[in-house]
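Fold and geometry: a report
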Amino acid sequence: MSRASYSAHTPAFVPAPDPRIVTDVIRSEDGWSIEVEDARGVRMTYWIAGADECIPRVGDTARFYGGVSGMLLHGLEINGCRVFFEDMAAD
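Residues numbered from 1 in each chain as written. Predicted model: local features only at pLDDT ≥ 70, side-chain atom pairs only at ≥ 80, totals over all residues. Heavy atoms only, no water.

1. So, the overall build of the protein chain
Assigned secondary structure in the protein chain consists of one helix and six strands. Moving toward the C terminus, one meets the helices and strands of the protein chain in the order α-β-β-β-β-β-β. Counting only residues that meet the buried cut, the protein chain has 32% of its 91 residues in that class. A separation of at least 24 residues holds for 41% of the contacts in the protein chain among residues at least 6 apart in sequence. Accessible surface computed for the protein chain: about 5500 Å², of which carbon and sulfur atoms make up 54%. (Helix = DSSP H or I, 4+ residues; strand = E, 2+ residues; numbered from the N terminus. Buried < 20%, exposed > 50% of the residue type's maximum accessible area, 1.4 Å probe, protein only. Contact = heavy atoms within 4.5 Å. Areas by Shrake-Rupley, 256 points an atom, 1.4 Å probe, with all protein chains shown as cover.)

2. Considering the environment of Ile78
Its location among the elements puts Ile78 in strand β5 (residues 73–78). C-alpha separation for the pair Ile78 and Phe64, spaced 14 residues apart in sequence, amounts to 8.8 Å.

3. Section: the sheet that holds strand β6 (residues 81–85)
Spatial strand order, β3-β2-β1-β4-β5-β6: six strands in an open sheet with antiparallel pairing. With partners counted over all chains shown, the strands left at the sheet margins are β3 (43–49) and β6, one partner each. Strand-to-strand twist of the sheet, defined as the mean angle between neighbouring strand axes without regard to direction, takes the value 35 degrees. Across five bridges, the pairing between strand β4 (residues 61–66) and β5 is antiparallel. Among the inter-strand pairings, Phe64 is bridged to a residue of β5, identified as Leu76. (Pairing = 2+ DSSP bridges. Axes fitted to C-alpha atoms, helices over the stretch in contact; angles between N-to-C directions.)

4. A look at the environment of Asp30
Topologically, Asp30 is positioned in the loop between β1 (20–28) and β2 (31–37). On the basis of relative accessible area, Asp30 is assigned to the exposed category, the value being 52%. Considered as a pair, Asp30 and Asp52 are 22 residues apart in the sequence and their alpha carbons are 9.5 Å apart. If we ignore the near neighbours within four places in the chain, the residues touching Asp30 are Trp47, Ile48, Ala49 and Gly50.

5. So, the side chain of Glu77
Among the structural elements, Glu77 can be located in strand β5. No salt bridge is formed by the buried Glu77. Its closest oppositely charged neighbour is Arg82, at 4.4 Å. Those residues in contact with Glu77 that sit more than four places away from it in its chain are Thr61, Ala62, Arg63, Tyr65, Arg82 and Val83. (Lys, Arg positive; Asp, Glu negative; His and termini not counted. Salt bridge = Lys/Arg side-chain N within 4 Å of Asp/Glu carboxyl O.)

6. What about the confidence of the model for the protein chain?
Looking at the protein chain as a whole, the pLDDT averages 75, with 69% of positions reaching at least 70. Here helix α1 (residues 3–9) is the element of the protein chain with the lowest mean pLDDT, 39, and β1 is the one with the highest, 92. (pLDDT = per-residue confidence, 0-100.)

7. Concerning the environment of Arg82
Among the structural elements, Arg82 can be located in strand β6. Between the C-alpha atoms of Arg82 and Ala62, which are 20 residues apart in sequence, the distance is 9.9 Å. The contacts of Arg82, once residues within four sequence positions are left out, are Cys54, Leu76 and Glu77.

See the structure below:
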């Protein structure tokens, strides 16, 4: 499903069904690389550009918005701190 059709048929970006646990964090000059694991043990790695106000740490809870089953990722919170969130109006 394309980004446009996803937005047109979805009233709001919903969080992924289960939060993920941050299992590894690597800091670089311009952001963070985090590895997360879901309840089934599936691990994925994400890049966060310049998230100095929401510093990720191993053991944190990450909640993703959109990005489920191959859809585009529209938002991320770590322990309730909004790392980024793309407003649907931007679509």
